[in-house]
Amino acid sequence: MDMLEIILAKRFGQELNAEQIAYFIDGVTDKSIPDYQISSLLMAIVLNGMTRAEMTELTMRMAYSGEICDLSGIQGTKVDKHSSGGVGDKCTLIVLPMVAACGVPVAKLSGRGLGFTGGTIDKLESIQGFRTAIPVSSFVEQIRKAGMVLSGQTPELAPADKVLYALRDVTGTVQSIPLIASSIMSKKIAGGADAIVLDVTCGHGSFMKDEASARDLSQAMIQIGQLAGRPVTCVISSMDQPLGRSVGNALEVMEAYDTLCGKGPADVVEVCCTLAAAMLMRSDYGREMTFEEAFSTAELVLADGRARDAFERFILAQGGTVQPDGSPAYTDLPVACASICAQEEGYISGLNALMIGEASMILGAGRRTKDDIIDKGAGITLEKKIGSFVRKGDKIADFYRGKNAVLSESSIQQAVQLVQKAVTLSADAVPAGKDILAILDEHSF
Ligand code: URA
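Residues numbered from 1 in each chain as written. Predicted model: local features only at pLDDT ≥ 70, side-chain atom pairs only at ≥ 80, totals over all residues. Heavy atoms only, no water.

Some words on the domain arrangement of the protein
Phase 1: Assigned domains within the protein: domain 1 (3-49), domain 2 (79-326) and domain 3 (334-426).
Phase 2: One C-alpha centre belongs to domain 1, the other to domain 3, and the line joining them spans 38 Å. (Domains from an automatic or database assignment.)

See below:
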C-alpha cells in the first residue's frame, strides 16, 4: 500500500477501507509517514468528510495505537469527561473535583490548547510543581490517593492522536466532525472509562459553529460509544461568548478556584453543574437519580466546600503547590497591561468568543506553532457579558501578560483592537442567552 494512493482516494471523495485506515494510523504511530503526507490526508478529510464506517474504524485504530488503560483495579463505574473545546472553558477543572467529591472515581486524559481554544493541561501547568505526565501505571494509585487523576496524553495512550492533534493545530485541519469525533473518542476509549460525558460546545468560540453541527458531532460520538460499549452523554453548551469572565491559563485556574469556593459566574456554574449531573447519572452513585436530583447534588458539593477540598487533594497528589489558604500557587502571575471601555451607552449584544480567543493567543496564552511557549499569565478578563447594560466609559475588558513575560506594545494593541471588534452594542435590551442547548444520549436518535 502507498500513502499517496490513500491521499488521492480521499482527495477524490472515495471511502477509505479498513486496511487503508490501518496503514495510515500505523504509519502515524511509528512515524514512517512524513508530516506533509499526514497533513495532506487530514486536509482531504476536512474537505471531503468521512462516512460513519470510516469514522468508527479511524477511532478504533487510533484508540488501539497504544495501550488501553486498565482501570479494573478501581471499583465501580469510572466516568470520564471531555470537551470539544472552547474559549474560557475551564469546566474540567471544576467538574472533576465535583464528581470526585461524591466518591465517583475519575481518570482523565486531557489535551493542550488547540487553535484558539485553551487546553486543560496548559492551564494546570500554570500551577507551581503540578505534574501533568502521570504514567498509566500510576492511575489506580493516584485515584486511591485523591479520588481522581488527570494526565496529559502519555506516550502510551492513543499516540496516533497525539501526533495528529499537534499537526491539526498548525495546518488548519481542526474543524472537522470525523477528526474531532475520532480524536476525542479514541482518547476516551484508550483512557479506560466505562462511560463518557462530552461537552460539545457550539458557537463562534467553538469548532462547531451551529447547533446542527454540534448535534451531528454528538450523534457521531454517541454512536461510536455504542459500538465500543461505552455509553456517551453529550451536553451541547453555548460558546458564542467566552464561558465565564476569564480567558487564559492562570486566569482560568483562578476563576475555576473561585467557582469551587462558591463564587463562580452564573454561566460557569450552570454548565459545570449540568456536566457533573450527567457524570453522576452515569456512575453507580447516581444511576437512579433524576437529572434534577443529580444537579442539586452537584450544586451542594460546590456550596459546602467538598469540591474545593477535592481540588486541593488533587493538586497536592499531582505535585502541585497550594498556598496556606488552599488556593493554587502560580508559576507566573497575570499583570494587567491594557483595558477597554464602552464608547457609548447600550446593551452588550455580542462578545465574539473566536475573536477574544484569538486576542488571547496574540497576548501569548496560546500556540501558533506546536513548539511555541505559552505565557501562563497572559489572557483577558471580561467585566461584562452579553445582556449587560453599559454606560459610556464603563470597563468591558482587561488584558494581561505574565509578570515575567515580555510582550510588545504592538501585540497588545492588536489584541485590544480585536476585542474592540468582538464587542457589539445594541440600544435595545438583549437577553443573556441560554448556556445549555441540549442533552443527548443513545435514546435521543
Ligand atoms: N478536543 C480533542 O481532544 N480533539 C479535538 O479534535 C478537538 C477537541
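Don't stop here, the text continues.
So, the nonpolar core
Phase 1: Counting residues in hydrophobic clusters, the biggest one holds 110 residues, and the most contacted among them are M98, L198, I380, F399 and V419.
Phase 2: Sort the elements by how many residues they give to this core and helix α12 (residues 266-282) lands first, with ten residues.
Phase 3: Formed by 22 residues, the second largest nonpolar core is a distinct cluster that contains M3, I7, A9 and M50. (Core = buried A, V, L, I, M, F, W, Y, C linked by side-chain atoms within 4.5 Å. Buried < 20%, exposed > 50% of the residue type's maximum accessible area, 1.4 Å probe, protein only. Helix = DSSP H or I, 4+ residues; strand = E, 2+ residues; numbered from the N terminus.)

A closer look at the sheet that holds strand β13 (residues 436-440)
Phase 1: Overall, mixed pairing links the four strands, which are arranged β1-β4-β5-β13 in an open sheet. The strands lining the two open edges of the sheet, one partner per strand, are β1 (79-83) and β13. Ignoring strand direction, the axes of neighbouring strands in this sheet form an average angle of 15 degrees.
Phase 2: When strand β4 (residues 195-202) meets strand β5 (residues 232-238), the two strands line up parallel, connected through seven bridges. Following the sheet pairing, V200 is matched in β5 by I236. (Pairing = 2+ DSSP bridges. Axes fitted to C-alpha atoms, helices over the stretch in contact; angles between N-to-C directions.)

Quick look at the packing of helix α7 (residues 139-146) against helix α14 (residues 306-317)
Phase 1: The geometry of α7 relative to α14 is characterised by a closest axis approach of 9 Å and an angle of 140 degrees between their N-to-C directions. On the basis of their axis angle, the class for α7 and α14 is oblique. When you trace α7 past α14, the crossing you get is right-handed. Each of Q142, K145 and A146 in α7 lies in contact with α14, whose residues at this interface are R313, F314 and A317. (Parallel < 35°, antiparallel > 145°, perpendicular 65-115°, else oblique. Left-handed = near helix turned anticlockwise from the far one by under 90°. Contact = heavy atoms within 4.5 Å.)

Concerning the packing of helix α1 (residues 3-11) against helix α3 (residues 35-48)
Angle between the axes and distance between the axes are the two parameters that describe a pair of packed helices.
Phase 1: Between α1 and α3, whose axes approach to 8 Å, the crossing angle comes to 20 degrees. In terms of axis orientation, α1 runs roughly parallel to α3. The handedness of the crossing between α1 and α3 comes out as left-handed. Residues M3, L4, I6, I7, K10 and R11 of α1 pack against Q37, S40, L41, A44, I45 and N48 of α3.
Phase 2: The class makeup of the residues in the contact of α1 with α3 is seven nonpolar, three polar and two charged. (Nonpolar A, V, L, I, M, F, W, Y, C, P; charged D, E, K, R; others polar.)

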